[in-house]
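Examination of the molecular architecture
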Amino acid sequence: MSDYQRISEQLDDVADAREEGRRKMDWAAQHMPILEHVRDEFTADRPFEGERIGMAMHVEAKTAMLVETLAEGGAEVAITGCNPLSTHDDVSAALDSHENITSYAKRGVDDEGYYAAIEAVIGHEPTITVDDGMDLVAAIHEDYPELIETIIGGAEETTTGVHRLRSMDDDGALEYPVFAVNDTPMKRLFDNVHGTGESSLASIAMTTNLSWAGKNVVVAGYGYCGKGVAKKAAGQNANVIVTEVEPRRALEAHMEGYEVMPMAEAAEVGDVFLTTTGNRDVIVDEHFEKMQDGVLLANAGHFDIEIDLEALAERSVDHYEARDGVDAYEMADGRRLNVIAQGRLVNLAAPVSLGHPVEVMDQSFGVQAACVRELVDNGDQYDPGVHDVPDELDTEIAEIKLEAEGVEFDSLTETQREYMDSWDQGT
Ligand code: NAI
């Protein structure tokens, strides 16, 4: 096993950290009725007895509730972060104090530490992997293929991870089944849209102490995340400009009433730029050249490659921290371009960021928990490759949430069901 140390061995004041982490988790737990329901079921049934679950996720209070839910179901869980800046060390320490959980996650690790922690998790020889960005799956296939034989399957949280997995699957290189949790309605329509929209805007506003009202906000990418960001920014009286490369999505944005234009034009008029494409090099040198003094640049896509910070650094004559979480790059002509959270996921990586709202993550993690249970119950029915989450699992999570919210809804009558299933009943 890698000799990378668990978080408890890395912190000076572990007891205080654990207490604070537990406090954050207790708060989250009060607003996660789905995980509470699932946890009660797992605690009674212990479905994961004998399983080892390896996880690479944003280690903060909401994720911690998922981790504990799996551990209470009998699993041995080893976890690390999926981004060097999104870990809350206190939560990591609180998790690490659970007898069935080992946490290696530490905020601010360099690349070497980040991948050493991934290896440490793999050292526990997981039988199930839970990823946010596919780093565990990639490392296992590249460096520890001998473990694949005993891995039942995995679950992937985010769009970028699912993209990478599908590419791997297309190449015939993915050797165990992985559920695309991201693609379920219960995840994507809430987490990506509302979660990213609300938490990205909140993080930027709190980091900068600036208003949205009257600003030209350029949203790059009008996918699930971009739609949420655009809608919430418009709701705070910003003038939203969308950039896209996919014609139907560009048209959708246009029909929603947003201005749509190429980034080369948007660069000249934007006050705030937020990338949500999951792609690379979306804002590059030619755009920096045209931007106004004082613009804000942030990214909500999974990796920190959407804004070309190397080009920005090269172009700048000075670079300094303007505020906590804001790096100002000063150009030769005096313009200052401000990058928030070093171009990493702004809703998780800025110093004040808390990630998605708790209620939203309750849904996403409810689906994750259901997928892990499905792998243990029926893993042998899934071939290697990317799999859609069975619709009944997603529906089950929605029903738990509706019941917890006290929302009642209709169900089909027998006649309606027959009609919906028929093809020969017309006018
Ligand atoms: P999506 O695939 O629905 O949307 C991405 C959009 O960006 C697409 O419409 C695509 O055509 C467009 N695009 C691609 N290259 C572009 C370019 N050069 N210029 C303009 N538009 C471009 O993906 P989704 O679900 O919106 O996720 C986007 C990213 O956000 C992914 O990296 C995902 O992993 C990440 N994500 C981040 C979250 C967070 O908490 N910050 C939460 C959920 C997802």
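Since the structure is predicted, the reported quantities are computational estimates derived from the model, not experimental observations.

Quick look at the sheet that holds strand E7 (residues 216-220) now. Taken together, 8 strands build an open sheet; the order of strands is E9-E8-E7-E10-E11-E14-E13-E12 and the sheet is mixed. Among the strands making up the open sheet, the edge pair consists of strand E9 (259-260) and strand E12 (318-323). Where E7 lies against strand E10 (residues 272-275), 4 bridges are found, and the strand directions are parallel. Note that in E10 the partner of Val217 across the bridge is Val272. Relative to E7, helix H10 (residues 224-235) is tilted by about 170°, and along the sheet it contacts E7, strand E8 (239-243) and E10.

We now examine the pattern of salt bridges. According to the stated counting rule, one finds 25 salt bridges in the structure shown. Across the salt bridge formed by Glu198 and Lys232, the nearest N and O atoms sit 3.3 Å from each other. Here Glu198 is found in helix H9 (residues 185-208), whereas its partner Lys232 is found in helix H10, with 34 residues between them in sequence. Look at Glu198 and you get partly exposed, because its relative accessible area is 38%. Taken together, the salt bridges that share partners define one network made up of Arg166, Asp183, Arg188 and Asp388.

Further remarks concern the UniProt feature "binding site: substrate" (unreviewed entry) in the chain. In the numbering used here, UniProt assigns the feature "binding site: substrate" (unreviewed entry) to Asp132, Glu157, Lys187 and Asp191. Considering the C-alpha atoms alone, the annotated residues occupy 60 residues of sequence yet fold into one spot, their largest mutual distance being 13.2 Å. Structurally, Glu157 is set in the loop between strand E5 (153-156) and helix H8 (159-170). In contact with Glu157, other than residues within four places in its own chain, are Met57, Asp131, Asp132, Val181, Asn182, Lys187, Asp191, Met361, Ser364, Phe365 and Gln368. On the secondary structure map, Asp191 appears in helix H9. Of the residues examined, Asp191 reaches a relative accessible area of 4% and is grouped as buried. Excluding residues that lie within four positions of it along the chain, Asp191 makes contacts with Glu157, Thr196, His356, Val360, Met361 and Ser364.

Another aspect to go through is the site of the ligand. Taken together, 28 residues lie around the ligand, and Thr158, Thr159, Thr160, Glu244 and Asn347 are the ones closest in. In this structure, an oxygen atom belonging to the ligand sits 3.2 Å away from a main-chain N or O atom of Tyr224. Here the ligand has 870 Å² of accessible area as a free molecule, and 89% of this is covered by the chains. Among the elements of the structure, H8, H9 and H10 are those that each provide at least two residues to the shell around the ligand. Broken down by element, the residue count for the shell around the ligand peaks at 4 residues, all from H9. Looking at side-chain class alone, the shell around the ligand contains 7 nonpolar, 16 polar and 5 charged residues.

Quick look at the packing of H9 against helix H16 (residues 358-378) now. Remark: H9 packs on H16, axes separated minimally by 9 Å, with the N-to-C direction vectors making an angle of 150°. One element, H9, and the other, H16, form an angle in the roughly antiparallel class. Here the hand of the crossing between H9 and H16 comes out left-handed. Here Met186, Lys187, Phe190, Asp191 and Gly195 of H9 come into contact with H16, specifically with Val360, Met361, Gln363, Ser364 and Val367. Partitioning the contact of H9 with H16 into residue classes produces 5 nonpolar, 3 polar and 2 charged.

Attention now goes to a negative patch on the surface. On the surface, Asp12, Asp13, Asp16 and Glu19 cluster together to form a negatively charged patch. Along the polypeptide, Asp13 turns up in the loop between helix H1 (7-10) and helix H2 (14-29).

Further remarks concern the domain arrangement of the chain. One can read the domain layout of the chain as domain 1 (3-187 + 356-405) and domain 2 (193-349). In this assembly, domain 1 packs against domain 2 so that about 1200 Å² is buried in total across both faces, 60% of it on carbon and sulfur atoms. In terms of surface lost to domain 2, no three residues of domain 1 exceed Leu85, Thr160 and His356, which account for 41% of the buried area on that side. At the boundary of domain 1 with domain 2, the tally comes to 0 salt bridges. Applying the counting rule to domain 1 against domain 2 returns 5 residue pairs in polar contact (both at pLDDT 80 or more). Looking at the side of domain 1 that touches domain 2 residue by residue, the class counts come to 5 nonpolar, 7 polar and 3 charged.

We now examine the nonpolar core. Counting 48 residues, the largest nonpolar core has Ile53, Met55, Leu70 and Val77 as its most contacted members. No other element matches the 10 residues that H16 contributes to this core. Once residues within four sequence positions are removed from consideration, Ile53 is found in contact with Leu70, Ala75, Glu76, Val77, Ala78, Pro126, Ile128, Val130 and Val372. Core analysis: the second largest hydrophobic core is formed by 29 residues, Leu136, Ala138, Ile148 and Val178 among them.

Definitions and cut-offs
Residues numbered from 1 in each chain as written. Predicted model: local features only at pLDDT ≥ 70, side-chain atom pairs only at ≥ 80, totals over all residues. Heavy atoms only, no water. Pairing = 2+ DSSP bridges. Helix = DSSP H or I, 4+ residues; strand = E, 2+ residues; numbered from the N terminus. Contact = heavy atoms within 4.5 Å. Axes fitted to C-alpha atoms, helices over the stretch in contact; angles between N-to-C directions. Salt bridge = Lys/Arg side-chain N within 4 Å of Asp/Glu carboxyl O. Buried < 20%, exposed > 50% of the residue type's maximum accessible area, 1.4 Å probe, protein only. UniProt positions renumbered as here; feature names shortened; annotations may be inferred. Near = heavy atom within 4 Å. Polar contact = N/O pair within 3.5 Å; in protein donor to acceptor, adjacent residues only side chain to side chain. Areas by Shrake-Rupley, 256 points an atom, 1.4 Å probe, with all protein chains shown as cover. Nonpolar A, V, L, I, M, F, W, Y, C, P; charged D, E, K, R; others polar. Parallel < 35°, antiparallel > 145°, perpendicular 65-115°, else oblique. Left-handed = near helix turned anticlockwise from the far one by under 90°. Patch = residues over 30% accessible without salt bridge, like charges linked within 9 Å, V, L, I, M, F, W, Y side chains within 5 Å. Lys, Arg positive; Asp, Glu negative; His and termini not counted. Charge placed at Lys NZ, Arg CZ, Asp CG, Glu CD. Domains from an automatic or database assignment. Buried area = accessible area lost by both parts, 1.4 Å probe. Core = buried A, V, L, I, M, F, W, Y, C linked by side-chain atoms within 4.5 Å.

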